[in-house]
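Residue-level structure breakdown
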Amino acid sequence: MEDEARMYRLNGVAHVAGYIDQEPTRVISGVRRQQNMPLHDWIILYLETAGLYHLVRLNSQWFWVDEPLLSAFIERWCPETHTFHMPFGECTITLQDVAYQLGLPIDGEPVSGCLTDFENLMENGRPACVWFCELFGELPLQIKVKQMIVCYTWFHERFRVLLADASEETVRIYARAYIMMLLSSQLFVDKNANRIHLRWLPYLASMDDLSRYSWGSAALAWLYRCLCRGTNRNVVNLAGPLQLLQSWIFWRFPSLRPSSFDVFGFPLASRWATYLPRNDTMDQRVVAARLSLDRLRFHDVSRLVIALTSSRSCLLLWSYLTLPSPIQFMWEPYSSPEVVAVVHPEILVDEHRRLWTAVTSLIYFAAIEWHQVDRVIP
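On a predicted model such as this, the values are computed, not experimentally measured, just so you know.

Criteria and thresholds
- Residues numbered from 1 in each chain as written.
- Predicted model: local features only at pLDDT ≥ 70, side-chain atom pairs only at ≥ 80, totals over all residues.
- Heavy atoms only, no water.
- Helix = DSSP H or I, 4+ residues; strand = E, 2+ residues; numbered from the N terminus.
- Contact = heavy atoms within 4.5 Å.
- Areas by Shrake-Rupley, 256 points an atom, 1.4 Å probe, with all protein chains shown as cover.
- Pairing = 2+ DSSP bridges.
- Salt bridge = Lys/Arg side-chain N within 4 Å of Asp/Glu carboxyl O.
- Buried < 20%, exposed > 50% of the residue type's maximum accessible area, 1.4 Å probe, protein only.
- Polar contact = N/O pair within 3.5 Å; in protein donor to acceptor, adjacent residues only side chain to side chain.
- 1 Å grid on protein atoms, 1.4 Å probe; cavity = no way out; pocket = protein on both sides within 12 Å on 5 of 7 lines; lining within 4 Å.
- Points joined across faces, edges and corners; volume = space filled by probe spheres on them.
- Nonpolar A, V, L, I, M, F, W, Y, C, P; charged D, E, K, R; others polar.
- Phe/Tyr/Trp six-rings, centres within 6.5 Å; stacked < 30°, edge-to-face > 60°.
- Lys NZ or Arg CZ within 6 Å of the ring centre and 35° of its normal.

1. Considerations on the overall build of the chain
The secondary structure content of the chain amounts to 13 helices and 14 strands. Contacts in the chain between residues at least 24 apart in sequence constitute 73% of all its contacts with a sequence separation of at least 6. Summed over its atoms, the accessible surface of the chain is roughly 18,100 Å², and 52% of this surface lies on carbon and sulfur atoms.

So this is what it looks like as structure tokens:
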């Protein structure tokens, strides 16, 4: 390459991979927020209708992330291709992973909207504060509101207790609050982790229409965008659905997963709900994770076997080969009978499966990222 330094730059932004020698023990911090909202039985029906009930299972307890491990993967993220560059080739998180790991619908309308003139999106041009009051029954104190965002604490204090004799309209209000917190804390958390944006008001106004949206593709778009931002050497925090990223690593890289987590259910990310990474010697652990990825070779990977038939047609078969060393990366981690037995049938319907290999744009408001699955699936 004529100018090797350009390999680590995107639009003039320095890629962290070009500065590892200067910061050999750099660990990026995960920005996350625990919802702390109780799941009342009366609102489960609304979550099922919205296609978000599987995600709720990941919200039952705090999902710890291994920051040194994630940092080592960010260093291998290429923003131009949305793939991790490994010694054996490229790999990435796909819509198939989102469906299996989080149980989210990936077929539907995009999660989008123009926020430049946000109040024009409100029904009949009403101000956001008026619509907020109608959807949640009251307005928070002024100290809990800043422009178009509301403090988490107001939702915690206002919607923790749902009385047994609550009316149907009250239950709907609590369901809106839970969904608003779920989306903000689990899927679309940003670095402003203490506040919730009012961008969700147009969606919550019609609870029955929430199932129309492709929450899975929006979550993946946001994760891609956050990973691209995280490759900037000047960025020290990583937001987004980090439980998806970490669970993908554990399912795809057997050598990196924690031991004694052999029992699992659906969604598959719930397998690691009780995982507690060490919080000491983080600088040494990021170096160790880096070294583990550096040592990966092609013979450590489960491979695709191509067999030519007599009719000259090409038969593609995924096969786990018997190799001299343990497999370190799994191309097809979801094909085992144990996984098939726990996956919800709605995830495997053809209308969703056909999108797993689609080269298309993923949309989450202003974040539009390419799903370049053709780079990793022949």
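2. Digging into the pairing of strand β5 (residues 83–86)
Alignment of strand β4 (residues 77–78) against β5, held across two bridges, turns out to be antiparallel. Bridge pairing in β5 links W77 to F84. Taken together, β4 and the strand that follows it, β5, pair antiparallel across an intervening segment of four residues, in which H82 is found at a positive phi of about 60 degrees. Counting the residues that bridge the hairpin from β5 to strand β6 (residues 89–91) gives two residues.

3. Points about the pattern of salt bridges
Within the structure shown, the criterion is met by 13 salt bridges. Of the charged contacts in the structure, one is a salt bridge between D294 and R76, with a shortest N-O distance of 2.3 Å. Taken together, the positions of D294 in helix α11 (residues 282–294) and R76 in the loop between α3 (67–74) and β4 put the pair 218 residues apart, joining distant regions of the chain. One salt bridge in this structure joins D97 and R252, with 2.8 Å as the shortest N-O distance. Residue D97 is located in helix α4 (residues 95–102), and its partner R252 is located in helix α10 (residues 242–252); the two are separated by 155 residues in the primary sequence. Overlapping salt bridges, with partners in common, bring together E23, R26 and R233 in one network.

4. Topic: the side chain of E75
Residue placement: E75 occurs in the loop between α3 and β4. When its relative accessible area of 8% is taken as the criterion, E75 is described as buried. Engagement of the side chain of E75 in a polar contact is seen with the side chain of R290, the distance being 2.7 Å. For E75, the residues in contact, after removing those within four places along its chain, are H15, V16, A17, I20, R26 and R290.

5. What about empty space enclosed by the protein?
Under the definition given, this model contains one cavity of 30 Å³ or more. The computed volume of the largest cavity comes to approximately 110 Å³. Every residue lining the largest cavity is counted, 13 residues in all, and those nearest its centre are T94, R252, W331, V376 and I377. Those elements that provide at least two residues to the lining of the largest cavity are α4 and α10. Among the residues forming the lining of the largest cavity, the class breakdown is seven nonpolar, three polar and three charged.

6. Things to note about the layout of surface pockets
Of the volumes computed, that of the second largest pocket is approximately 240 Å³. If you go around the second largest pocket, you meet twelve residues; those closest to its centre are Q96, Y100, E332, R353 and W356. Per-class residue counts for the lining of the second largest pocket are seven nonpolar, three polar and two charged.

7. Section: the pairing of strand β13 (residues 360–364)
Looking at chain direction, β13 and strand β14 (residues 367–371) are connected through five bridges and run antiparallel. The residue bridging L362 from the neighbouring strand is E369, located in β14. Between the antiparallel neighbours β13 and β14 lie two residues, among them F365 with a positive phi of about 50 degrees.

8. Details of unusual backbone geometry
With the exception of glycine, most residues fall at negative phi, and the peptide bonds are largely trans. Along the chain, F266 connects to P267 via a cis peptide bond; the corresponding omega equals 0 degrees. Within the secondary structure, P267 sits in the loop between α10 and α11. Positive phi, close to 65 degrees, is recorded for S260, a residue that is not glycine. The phi torsion at T281 lies on the positive side, around 45 degrees, for a residue other than glycine. By the element assignment, T281 lies in the loop between α10 and α11.

9. Looking at the environment of S112
Considering the arrangement of structural elements, one finds S112 in the loop between α4 and α5 (128–136). By relative accessible area, S112 is classed as partly exposed at 35%. Considering only alpha carbons, one finds S112 and W200, 88 residues apart in sequence, at a separation of 10.0 Å. When neighbours within four sequence positions are excluded, S112 is seen to be in contact with Y203, I363 and F365.

10. Focus: the packing of aromatic side chains
Inspection of the entire model under this criterion finds 41 aromatic pairs. Geometrically, the ring pair formed by F84 and W248 is stacked, given 5.4 Å between the ring centres and 25 degrees between the ring planes. With F84 in strand β5 and W248 in helix α10, the pair connects residues that are 164 residues apart, well separated along the chain. On the numbers, 5.9 Å between centres and 70 degrees between planes, the contact of W248 with F253 is edge-to-face. The class for W248 is buried, based on a relative accessible area of 0%. When its relative accessible area of 1% is taken as the criterion, F253 is described as buried. Positioned above the aromatic ring of Y19 is the side chain of R233, whose terminal nitrogen or guanidinium carbon lies 4.0 Å from the ring centre.

Purely spatial values, then, with no claim about function.
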